[in-house]
Amino acid sequence: SNQNTSRLIVWQTIRFVNQVGNEYKDDNIVGTVGTFTLNNGQVILGLDIRGVNSDIRTKAVDKILQKIQKHSLSQNIKCDIRPLAGDFNPTKMDERLVALARETVEEYCLGSYNITYSPAGHDIQNLARAGIPSVMLFIPSRYGGLSHTPEEYSTPSDLEKGV
């Protein structure tokens, strides 16, 4: 049935994104199936693949697309892949502000920290690209990666430390 075929397409696509993401995890590549729409029997998936190195990110995207196309052909499913417009290149935060954040966490014993990258798109990337010195701080959240959902919760103490 069309519904079973749609489920299979979604499941296989998520599987391919996870496989390639795991293959490139040491290169800081992450991927998600960000949107899913069923429109008149047509499945529309929004894939979001992020990473610090654009060459490696492109290789990962190409590998995912090859897997999707190969699977679609083997199942006799029409597959139309279109890239979205937009700039998905990572934005570097201000090194002085990163150092200041690290020093503040240490000086006031605010907890542990990691200096890392965020593969997600954040509003602050536009400020940084406009030349405004920027840095981001992430605080603990219940369930870790669930953000912008009703399940997201950070304790008042963690919120206070973040501020």
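Note that the structure is a prediction, hence the values are computed from the model and not measured.

**Student:** Explain the overall build of the chain to me, using residue names and the numbers behind them.
**Tutor:** Each helix and strand counted, the chain has five helices and two strands in total. Helices and strands appear in the chain in the N-to-C order α-β-β-α-α-α-α. Here the chain holds 163 residues, and 19% of them are scored as buried. Taking the contacts inside the chain whose residues are at least 6 apart along the sequence as the reference set, 50% of them involve residues at least 24 apart. A total accessible area of about 12000 Å² is found for the chain, and carbon and sulfur atoms account for 52% of it.

**Student:** Please provide a residue-by-residue account of the nonpolar core, values included.
**Tutor:** Counting 10 residues, the largest nonpolar core consists of F16, V17, V20, Y24, I29, I49, I56, A60, I64 and I68. Of all elements in the fold, only helix 1 (2–23) and helix 2 (54–74) reach the threshold of two or more residues within this core. Here this core gets four residues from one element, more than from any other, and that element is helix 2. Residue contacts for I29: discarding those within four places in its chain leaves G21, Y24, I49, R50, G51, I56, R57, A60 and Y117.

**Student:** Hey, could you go over helix 2 for me, with residue numbers and the actual values?
**Tutor:** Given a rise of 1.5 Å per residue, 21 residues ought to cover 30 Å, and the 30 Å separating the end C-alpha atoms of helix 2 matches this to within 8%. Those residues of helix 2 lying buried are I56, R57, A60, I64, I68, H71 and S72. Around the axis of helix 2, the buried residues are gathered within 150° of arc, so they sit on the same side. Facing away from the buried surface of helix 2 by more than 90 degrees, the exposed residues are D55, K59, Q66, K70, L73 and S74. The backbone nitrogen of D55 has a side-chain oxygen 2.9 Å away, supplied by the residue at the start of helix 2, namely N53.

**Student:** So what's going on with the pairing of strand 1 (residues 30–39)? Which residues, and what values?
**Tutor:** As paired elements, strand 1 and strand 2 (residues 42–50) share nine bridges and run antiparallel to each other. Opposite V33, over in strand 2, you have L47 as the bridge partner. Counting the residues in the hairpin turn of strand 1 and strand 2 gives two residues, including N40, whose phi is positive at 50°.

**Student:** Report on the environment of I44, specifying residues and quantitative values.
**Tutor:** Among the secondary structure elements, I44 is positioned in strand 2. Linking I44 and C79, residues 35 residues apart in sequence, is a C-alpha distance of 9.9 Å. Residues contacting I44, with those up to four places away along its chain left out, are T35, F36, T37 and N39.

**Student:** Before we move on, can you summarise the confidence of the model for the chain with the specific residues and values?
**Tutor:** Per-residue confidence for the chain averages 82 on the pLDDT scale, and 88% of its residues sit at or above 70. Element-level pLDDT for the chain is lowest in strand 1, with a mean of 76, against a maximum mean of 95 in helix 3 (residues 95–107).

**Student:** Please set out the environment of S72 residue by residue, giving values where relevant.
**Tutor:** On the secondary structure map, S72 appears in helix 2. Residue S72 is classed as buried on the basis of its relative accessible area of 8%. With 63 residues separating them along the chain, S72 and I9 place their C-alpha atoms 8.2 Å apart. Setting aside residues up to four positions removed in sequence, S72 forms contacts with I77 and C79.

**Student:** I'd like a rundown of the side chain of R57, residues and numbers included.
**Tutor:** Within the secondary structure, R57 is located in helix 2. Given a relative accessible area of 10%, R57 falls into the buried group. At 3.0 Å, the side chain of R57 and the backbone oxygen of G51 are in polar contact.

Rules and cut-offs
Residues numbered from 1 in each chain as written. Predicted model: local features only at pLDDT ≥ 70, side-chain atom pairs only at ≥ 80, totals over all residues. Heavy atoms only, no water. Helix = DSSP H or I, 4+ residues; strand = E, 2+ residues; numbered from the N terminus. Buried < 20%, exposed > 50% of the residue type's maximum accessible area, 1.4 Å probe, protein only. Contact = heavy atoms within 4.5 Å. Areas by Shrake-Rupley, 256 points an atom, 1.4 Å probe, with all protein chains shown as cover. Core = buried A, V, L, I, M, F, W, Y, C linked by side-chain atoms within 4.5 Å. Expected span 1.5 Å × (residues − 1). Arc of directions from axis to C-beta. Polar contact = N/O pair within 3.5 Å; in protein donor to acceptor, adjacent residues only side chain to side chain. Pairing = 2+ DSSP bridges. pLDDT = per-residue confidence, 0-100.

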